[in-house]
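In case you want the letters, here they are:
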Amino acid sequence: MLGNKYTSRSQTRVDRLLRERELRKFNKIYSNDDYDAPDSRWINSISPEFLPKDEMGVADVHEAEMLGASPLASRIFGNGFRPSEGKTMKQRLLVVANRLPVSACRRGEDSWSLEVSAGGLVSALLGVKDVDAKWIGWAGVNVPDLVGQKALRKALAEKRCIPVFLDEEIVHQYYNGYCNNILWPLFHYLGLPQEDRLATTRSFQSQFDAYKRANQMFADVVNEHYEEGDVVWCHDYHLMYLPKCLKDYNSNMKVGWFLHTPFPSSEIHRTLPSRLELLRSVLAADLVGFHTYDYARHFVSACTRILGLEGTPEGVEDQGKLTRVAAFPIGIDSDRFQRALELPAVKYHINELTQRFAGRKVMLGVDRLDMIKGIPQKILAFEKFLEENPGWRDKVILLQIAVPTRTDVPEYQKLSCQVHEIVGRINGRFGTLTAVPIHHLDRSLDFHALCALYAVTDVALVTSLRDGMNLVSYEFVACQGAKKGVLILSEFAGAAQSLGAGALLVNPWNITEVADSIAKALNMTPDEREKRHRHNYAHVTTHTAQEWAETFVSELNDTVVEAQIRTRQVPPLLPSELAIGQYLRSKNRLLILGFNSTLTELVESSGRRGGDQIKEMELKLHADLKVPLTTLCNDPKTTVVVLSGSDRSVLDDNFGEYNMWLAAENGMFLRLTDGEWMTTMPEHLNMDWVDSVKHVFEYFTERTPRSHFEHRETSLVWNYKYADVEFGRIQARDMLQHLWTGPISNAAVDVVQGSRSVEVRSVGVTKGAAIDRILGEIVHSKNMITPIDYILCIGHFLAKDEDIYTFFEPELPSEPLNSSRTKTTEVMKPPAERKHGGKQTNSKNSSKTSHSKNQKNPFTSERKVSSSNHNNNPNACRSPQEATSWQEGSSVLDLKGDNYFSCTVGRQQSNARYLLNSSEDVVLFLKELALSCSKNRYFSANNHNGDLRS
């Protein structure tokens, strides 16, 4: 369903990525200095902040905790890493993360000392071509005075960093409160805090307000340094509101957002009070990235189930705007670990550890001391293994590194005590005077010692209860070139998606399963260990952090280009001044208006699944339209038609008081509001299929909660908008299969699929097919002589009914809005013109002007072609007198390119000339039109009276 770095959408993109990968391999092989390789690119920043607690390799833990900097900083900020001479930086990358990868210490009023996080995983952006990066984030210190801010800003500029200054109150409410007390637990399936925890950082709303303020402060700094063409890469749950802030400032800004933690299922995310704002804010980005397909799928599901938007194979679509969602699994700098194993200091540590643990198998666990890491469960599983395998008690040792975090939080203090208690009990039970089975360290190790420990380990235990990625498993594999140890990996860690084939996957909550996996790993044959290691090693060394960064930036650039192409196909917004000006200059106007989602009231759903079903099912005319509609309908020069797929009774209830024409069921029934309903259906319309289709719709309605169907005289509609999205789609697919193989297999019907509906109607029943007959009735009824010189058609019509937009313009505009219009209008051209292709003029106006010259009787030529496609005989249901009136009605059209306005509502891919985004925009436009109409009549009346007086 969703894209990822391995399955790009176009063959061109795949080819490009493959070529670039081969080029990087070539440079690596033939360059003596990786930093100055012929195609090496330098970049010294990018980070998902301080948060990649989930992805952080423990090689970076010590620096992260000591310096307060991003664990991922080491992958981006290599020590002493500088650009090669003569490199050309073509594009700037602004990396925005909660924390800068720099520790700042104030030495005086205008003096600061800085220390860059020295993890040493080189640069995650080394492979990104032609990019100059700057890092924007909070420096981790409170700097209230302007002198200190100016000095720190200047010092950080040398490190290519730009600070965001947050005061203590914002940090408490935003970072400690909303980020770490609400979002982080929720995203790791720990749920929202209860009242006792919530009270420590005040209420949800105050924390969310601080969160938005902080994000706006980040946005202000980005806007200050932004230059046209820059790529802005936002990182993590700390900055979910940032994409919206940036797009509000500049809609053309290239914005990507990446999450370094899991994204929970929609059922978990919907418990968040601010779920709507956060989802919509993230969707403002052009590209949204996650570590795994599961997280991306959960995000799309949340958008469809909570916001009611459409999930597509590309991402999430909202009113024609597509936010691309894809998986980009992060990696590590494997070369750094391999080089470290050759260092004398690391070799010394390896020899020391080998001698110390001679004769015993070494098992290793390296984690932050956190609730999600599953340390107690891991130790209990090891205890069970020792119970069931007494022969291994003196032959195996578990080394558990537990890096302390948030030691001031009661939950973490409780966890630490619990772990110490379990370790003490197991060592007391199975230990001897000379050895204990568990070595537990409440501290981090330096990089060299950690690499040595990875190298001598026989079995690594990564049993997180929930992890975004967990790169400890990657680091272990990178250091196992000689040992070829076994990896036991939690299925709830993101790394299980990529290393699952070579690792032993376990459910960390199942103590027995983990214990059995420990036994299997210790007894595994060398041949199997070799095969498993080879698979994981190939992945770790190929899918590096550098490739992750390059792929994301490349995909973001491609996504923006594709969005620009789609935007060029979107109709422009309705030019209100032009439409109203032409309306006032015209002498005989025709207004064709849709009803549902055009003139109806907007029902707020508050993010609840399916919205307010009762209110939405009961279509109501927007209250603000009563006065404007009355004004327009009472204008003797204006004819208003409401053309809808709804039942006649619905239109009667909403429009009975106005002087207008009502066309129900896609124009199959017509009446003037002070007259009787008449049918415009062709004679001999076969409706024998109705009963059998009705039984199918009833069957699926009973089995799909919150679905319903409408039985109209010419069609049946099954709607599952309010049902569960995924279940509704499955049911709709089954319904269509059942219909095509049974009730409608030989029936003359069309099946029209909406976004969440299925409609069965007779062949040729469309709004465009009915409009010629409707127009004939109107002309005949009003004895219309003055040519119709202005048409405004506005509606939220299904694609099947968009032929109404092209009905009045048989020729293409000079710049077609999309390819689908070509097909529609080609059918409507005269046979001779279709045969020879016709010639395009240079403008819409000239195109329509040339058409108007031959408009003596257009419906008897071009229009008749269109009508015959829908109904074999468009006049079959009329008497000769009626047929004559229809001919007369069509001949009064006097349309040019600048007096016809077709406008779609909310559908950005449309055959209409123009666009209005929502029914609210329709209301505003009709209000403005009615007001101008009233003023024009008033001035005309005054001028006329003045002439009489004179």
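Further up the page is the structure itself.
What counts and what doesn't
- All residue numbers refer to positions counted from 1 along the written sequence of the respective chain.
- Two thresholds apply to this predicted model, a pLDDT of at least 70 for residue-level local features and 80 or more for giving and counting side-chain atom pairs, whereas whole-chain, interface and lining totals are computed over all residues.
- To get the side-chain values, all heavy atoms of the structure are used, and hydrogens and water are removed first.
- For helices the rule is a DSSP run of H or I covering at least 4 residues; for strands it is a run of E covering at least 2, with both sets numbered from the N terminus onward.
- Burial classes follow relative accessibility: with a 1.4 Å probe on protein chains only, a residue under 20% of its type's maximum area counts as buried, one over 50% as exposed, and anything between as partly exposed.
- Contact definition: two residues touch when any of their heavy atoms are within 4.5 Å.
- All accessible areas in this document rest on Shrake-Rupley with a 1.4 Å probe, and a residue is counted as covered only by the protein chains that are shown.
- For two strands to be treated as a pair, DSSP must find no fewer than two bridges joining them.
- Fitted lines through C-alpha atoms serve as axes, helices being fitted only where they are in contact, and the angles separating the N-to-C directions of these axes extend from 0 to 180 degrees.
- Under this scheme an angle from 65 to 115 degrees is roughly perpendicular, one under 35 degrees roughly parallel, and one over 145 degrees roughly antiparallel; angles in between are oblique.
- Crossing handedness: left-handed means the near helix sits turned counterclockwise from the far one by under a right angle, and right-handed means the same turn made clockwise.
- Three residue categories are used. Nonpolar comprises Ala, Val, Leu, Ile, Met, Phe, Trp, Tyr, Cys and Pro, charged comprises Asp, Glu, Lys and Arg, and polar comprises the others, including Gly.
- In this analysis, the expected span of each helix is defined as 1.5 Å times one less than the number of residues it contains.
- Here the arc refers to the directions that run from the helix axis out to each C-beta atom.
- Here, nonpolar core refers to any group of buried Ala, Val, Leu, Ile, Met, Phe, Trp, Tyr and Cys residues whose side-chain atoms link them within 4.5 Å.
- A pair of Phe, Tyr and Trp rings is counted when the ring centres sit within 6.5 Å of each other, with Trp represented by its six-membered ring. The angle between the planes then sorts it: under 30 degrees is stacked, over 60 is edge-to-face, the rest tilted.
- Comment: the charge-over-ring label is applied if NZ (Lys) or CZ (Arg) is within 6 Å of the ring centre and within 35 degrees of the ring normal.
- A side-chain nitrogen of Lys or Arg and a carboxyl oxygen of Asp or Glu constitute a salt bridge if their distance falls within 4 Å.

Here we look at the overall build of the protein
Per the secondary structure count, the protein includes 35 helices and 30 strands. Classification of the 950 residues of the protein by burial places 57% in the buried group. Nonlocal contacts in the protein, meaning residues at least 24 apart in sequence, comprise 76% of its contacts between residues at least 6 apart. Only carbon and sulfur atoms are counted for the fraction: they give 50% of the accessible area of the protein, which is about 39000 Å².

Some details on the pairing of strand E24 (residues 708–711)
As defined by bridge partners, E24 adjoins strand E25 (residues 715–719) across four bridges and the pair is classed as antiparallel. Bridged to His708 within E25 is Asn719. Connecting E24 to the next strand, E25, in antiparallel fashion are three residues.

Section: the sheet that holds strand E23 (residues 678–679)
Read across the sheet, eight strands follow the order E23-E22-E21-E20-E19-E28-E29-E30 without closing on themselves; strand pairing throughout is mixed. Here the strands that pair on one side only, and so sit at the sheet edges, are E23 and strand E30 (914–916). Where strand E19 (residues 589–593) and strand E20 (residues 638–643) come together, five bridges link them in parallel fashion. When the bridges of E20 are listed, Ile592 appears paired with Val641.

Topic: the packing of helix H13 (residues 344–356) against helix H16 (residues 447–456)
Closest axis-to-axis distance for the H13/H16 pair is 8 Å, and the angle between their directions is 50 degrees. Between H13 and H16, the interaxial angle falls into the category oblique. Crossing angle aside, the handedness with which H13 passes H16 is right-handed. Where H13 approaches H16, its residues Ala345, Val346, His349, Ile350, Leu353 and Thr354 are matched on the opposing element by His448, Ala449, Cys451, Ala452, Leu453, Ala455 and Val456. Each residue belonging to the contact of H13 with H16 can be placed in one class, and the counts come to ten nonpolar, three polar and no charged.

Side note on the sheet that holds strand E26 (residues 749–753)
The strand order E24-E25-E27-E26 describes an open sheet built from four strands, whose pairing is antiparallel. In this open sheet, the two strands that pair with only one neighbour each are E24 and E26. Across the sheet, the mean angle separating the axes of adjacent strands is 15 degrees when strand polarity is ignored. Of the pairings in the sheet, the one linking E25 to strand E27 (residues 757–762) comprises five bridges and is antiparallel in character. In the strand pairing of E27, Trp718 is matched with Val758. Contacts from helix H26 (residues 690–703) reach E24, E25 and E27 within the one sheet, and its direction differs from that of E25 by about 10 degrees.

Side note on H26
Here H26 spans 20 Å end to end across 14 residues, near enough to the 20 Å set by a 1.5 Å rise per residue. Taken residue by residue, H26 has Val690, Val693, Val696, Phe697, Phe700 and Thr701 as its buried positions. Along H26, the residues classed as buried sweep out an arc of 135 degrees about the axis, all on the same side. Exposed residues pointing more than 90 degrees away from the buried face of H26 are listed as Asp691, His695 and Glu702.

Some details on the packing of helix H10 (residues 275–283) against helix H11 (residues 293–306)
Contact geometry of H10 with H11 gives a least axis separation of 11 Å together with a crossing angle of 120 degrees. The orientation of H10 relative to H11 falls into the category oblique. Here H10 runs over H11; the crossing is left-handed. Within the contact between the two elements, H10 uses Arg275, Leu276, Leu279, Val282 and Leu283 and H11 uses Phe299, Ala302, Cys303 and Ile306. Each residue belonging to the contact of H10 with H11 can be placed in one class, and the counts come to eight nonpolar, no polar and one charged.

Remarks on the nonpolar core
Counting residues in each nonpolar core, the largest one holds 74 residues, and the members touching the most others are Tyr454, Leu487 and Leu489. For this core, the element with the highest residue contribution is H16, accounting for nine residues. Those residues within four positions of Leu487 in sequence are excluded, and the remaining contacts are Ala460, Val462, Ser473, Phe476, Val477, Leu499, Ala503, Leu504 and Asn536. One finds Leu599, Leu651, Met660 and Leu775 within the second-largest nonpolar core, a separate group that totals 67 residues.

Description of the packing of aromatic side chains
Applying the stated criterion to the full structure yields 31 aromatic pairs. Relative to Phe290, the ring of Trp257 lies with its centre 6.2 Å away and its plane at 80 degrees, an arrangement referred to as edge-to-face. Of the two residues, Trp257 sits in strand E8 (residues 254–258) while Phe290 sits in strand E9 (residues 287–290), which places them 33 residues apart along the sequence. Neither Trp257 nor Phe290 differs from the other in exposure class; each is buried. One aromatic cluster is present, formed by Phe187, Tyr237, Trp257, Phe263, Phe290 and Phe299 through successive ring pairs. Sitting above the plane of the Trp138 ring, Arg99 keeps its charged end 5.2 Å from the centroid. Arg466 extends its terminal NZ or CZ atom over the ring of Tyr189, reaching a point 3.8 Å from the ring centre.

Considering the pattern of salt bridges
One pass over the structure, following the stated rule, counts 40 salt bridges. For Lys927, the salt bridge identified is with Asp624, shortest N-O distance 3.7 Å. Here the residue Lys927 occupies a position in helix H35 (residues 919–949), and Asp624 occupies one in the loop between helix H23 (613–617) and helix H24 (626–633), the gap between them amounting to 303 residues. Across the pair Asp750 and Lys800 runs a salt bridge whose closest N-O atoms are separated by 3.2 Å. Linking Asp750 in strand E26 with Lys800 in the loop between strand E28 (790–795) and helix H29 (803–807), this pair joins segments that are 50 residues apart in sequence. We classify Asp750 as buried; its relative accessible area is 17%. Here Lys800 falls in the partly exposed class, since its relative accessible area comes to 33%. Connected through salt bridges with shared partners, the residues Glu710, Arg712, Glu759, Arg761, Lys767 and Asp801 form a single ionic network.

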